[in-house]
Amino acid sequence: MPTLRRHLQALKPYPIPVKPDGGQGDFLRLDANENFYPLDDSVLTAAEQACHHSQGYPDDFSAPLRQAISGVHKLDPERIACARGAMELISLLCTLYLEPGSNAVVSQYSYLYFRTAIAYSGANIVIAPERDLVVDIDALASVVDSNTCIVFLANPSNPCGTLVSNSEISELRRALADDILLVVDEAYAEYVDKDVLGPNFSLADGGNTVILRTFSKIYGLAGYRIGWGYFPEKMATELRIVQQPNCVSHVSQATALAAMNNQERVTLLGQENRRIREAFAAALGDIGLLVIPSHTNFLLVKFASVEAATSVEQCLRSKGILVRPMHAYQLPDYLRITIGTESQMQRVTEGVAGCLKDV
Ligand SMILES: *Cc1c(COP(=O)(O)O)cnc(C)c1O
């Protein structure tokens, strides 16, 4: 039998929640921060047309899509890179910039995939404590040492939904040595009120910071597996050393392009999400639960005990509602619940209230 490389032997597959119905049934899926609002006709038409033109390999570097992103976000298209999701970019950045045995820094409750990707590369995961479920910039800076290659930060954070300001991130950048890569994962940025968090792409102009975005969340294209990042020029070139050619399918590129060109929908969905999320948070507060203020399409909800959280999760599941347990994040007395439609969230509120009676 072949022997697994030594640094991989202690690793387990990434803990994606198992879909009880194989994803096909009637479950209300509020466990993966997906967005199930129906896609626009323009997006579906683009997807269908692309199906008819997929016999050849796709555009190698997603040039038309990068142009569209550059138009919307006023960025240099040469410094935009697309991939099969932000996850792939996270993984490629580890492949490119982490020496085995070096350190990569993450925040205490940060996105778990950062740790997975770091571990693939044989580097050490160094964890900085948070303050009240918010990333602590000073703590991040203080665990950095001469062996540190990358600092990862999701803003807003998953699973907490909390935010640090762009000026705090700039402060962190200034505290880091020039040769340390800072990765700012903005998977949920489109959900944040524009007055609260403006664009932070200019940070990539410094030569050592990458901003990541995805089509999996507000754009509702998680199944297409496509994301992008804004890179320093040299890094965008270096990425092509390790990125597979033709890796983003033609259908994904064309569909994402149509979605990118409909920014009104993004704005609308952001507003709708905020309204429903705040009403849902208030409703959960009314039944005595502590909710972490969120800037995303999900809420982290605290229960009285680990048993209460576990039994509510299972009870909701028996009612056909999936939410995410937080054991893997060391927050076992919490559940993370994705925001769906108004009526779906009413159903969840009633479900949680009913389940709590039986705890
Ligand atoms: C959902 C999520 C992603 C999405 O990754 P894709 O590979 O683009 O689907 C990235 N980062 C964070 C923090 C997320 O929550």
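This text follows the structure it describes.
First, a word on what this report is: a plain description of the structure on this page. Because the structure is a prediction, the values reported are computed rather than measured.

## Considering the environment of F231
Logical step 1: One can find F231 in the loop between β8 (227–230) and α7 (233–242).
Logical step 2: Sequence spacing of F231 and G206 is 25 residues, and the spatial spacing of their C-alpha atoms is 9.8 Å.

## Things to note about the sheet that holds strand β6 (residues 181–185)
Pairing between sheet strands relies on hydrogen bonds along the backbone, with the strands arranged either parallel or antiparallel.
Logical step 1: Taking strand neighbours across the sheet as the criterion, the seven strands line up as β2-β8-β7-β6-β5-β3-β4 in an open arrangement whose pairing is mixed. Two strands lie at the open edges of the sheet, namely β2 (80–83) and β4 (124–128), each paired on one side alone. Each strand of the sheet is rotated relative to its neighbour by a mean of 25°, with strand direction disregarded.
Logical step 2: With five bridges joining them, strand β3 (residues 103–107) and β4 adopt parallel strand pairing. Across the sheet, N103 pairs through a bridge with N124, a residue of β4.

## Comments concerning the side chain of N262
Logical step 1: Along the polypeptide, N262 turns up in the loop between α8 (250–260) and α9 (263–286).
Logical step 2: For N262, a relative accessible area of 13% gives the class buried.
Logical step 3: Among the polar contacts made by the side chain of N262, one reaches the side chain of D40 at a distance of 2.3 Å.
Logical step 4: Here the side chain of N262 touches R265 through a polar contact of 3.3 Å, landing on its backbone nitrogen.

## Examining the site of the ligand
Logical step 1: The local shell around the ligand consists of G85, A86, M87, Y111, N158, D185, A187, Y188, T214, S216, K217 and R225.
Logical step 2: Measuring from an oxygen atom of the ligand, one finds a backbone N or O atom of M87 at 2.9 Å.
Logical step 3: Residue S216 places a side-chain N or O atom 2.6 Å away from an oxygen atom belonging to the ligand.
Logical step 4: With the chains in place, 94% of the 380 Å² that the ligand exposes on its own is no longer accessible.
Logical step 5: Grouping the constituent residues of the shell around the ligand by class yields five nonpolar, four polar and three charged.

## Some thoughts on unusual backbone geometry
Logical step 1: Cis rather than trans, the peptide bond between N155 and P156 has omega equal to -5°.
Logical step 2: Mapped onto the elements of the fold, P156 is located in the loop between β5 (148–154) and α6 (166–175).
Logical step 3: Look at S62: it is not a glycine, yet its phi comes out positive at around 50°.
Logical step 4: Tracing the backbone through its elements, the reader meets S62 in the loop between α1 (41–52) and α2 (63–73).
Logical step 5: With a relative accessible area of 2%, S62 lands in the buried category.
Logical step 6: With phi around 50°, R225 is a residue other than glycine that occupies positive phi space.
Logical step 7: R225 sits in the partly exposed class, given a relative accessible area of 33%.

## As for the state of the cysteines
Logical step 1: All told, the structure shown has one disulfide when counted by the stated rule.
Logical step 2: Disulfide partner of C315: C355, at an S-S distance of 2.1 Å. In this structure, the disulfide formed by C315 and C355 twists by about -85° around the S-S bond and is classed as left-handed. Separated by 40 residues along the polypeptide, C315 in helix α10 (residues 306–318) and C355 in helix α11 (residues 342–357) bring together distant segments of the chain.
Logical step 3: Note on C355: relative accessible area 2%, which makes it buried.
Logical step 4: Lacking any disulfide linkage, C149 is separated from the closest cysteine sulfur, that of C94, by 9.9 Å.
Logical step 5: Free cysteine C247: the closest other cysteine sulfur is in C82, separated by 8.9 Å.
Logical step 6: According to the relative accessible area criterion, C247 is buried, its value standing at 10%.

## Concerning empty space enclosed by the protein
A probe as big as a water molecule, rolled over the atoms, marks out the empty space that is left.
Logical step 1: Enumeration over the complete set of coordinates arrives at two cavities of 30 Å³ or more.
Logical step 2: Approximately 120 Å³ is the volume found for the largest cavity.
Logical step 3: Along the wall of the largest cavity there are 14 residues; nearest its centre are F61, A81, C82, R240 and Q243.
Logical step 4: In this structure, the second largest cavity occupies an estimated 60 Å³ of space.
Logical step 5: For the second largest cavity, the full set of lining residues is L39, V43, Y219, A259, N262, R265 and V266.

Thresholds, definitions, all that
- Residues numbered from 1 in each chain as written.
- Predicted model: local features only at pLDDT ≥ 70, side-chain atom pairs only at ≥ 80, totals over all residues.
- Heavy atoms only, no water.
- Helix = DSSP H or I, 4+ residues; strand = E, 2+ residues; numbered from the N terminus.
- Pairing = 2+ DSSP bridges.
- Axes fitted to C-alpha atoms, helices over the stretch in contact; angles between N-to-C directions.
- Buried < 20%, exposed > 50% of the residue type's maximum accessible area, 1.4 Å probe, protein only.
- Polar contact = N/O pair within 3.5 Å; in protein donor to acceptor, adjacent residues only side chain to side chain.
- Near = heavy atom within 4 Å.
- Areas by Shrake-Rupley, 256 points an atom, 1.4 Å probe, with all protein chains shown as cover.
- Nonpolar A, V, L, I, M, F, W, Y, C, P; charged D, E, K, R; others polar.
- Disulfide = S-S within 2.5 Å.
- 1 Å grid on protein atoms, 1.4 Å probe; cavity = no way out; pocket = protein on both sides within 12 Å on 5 of 7 lines; lining within 4 Å.
- Points joined across faces, edges and corners; volume = space filled by probe spheres on them.

Just geometry here; none of it tells us what the structure is for.
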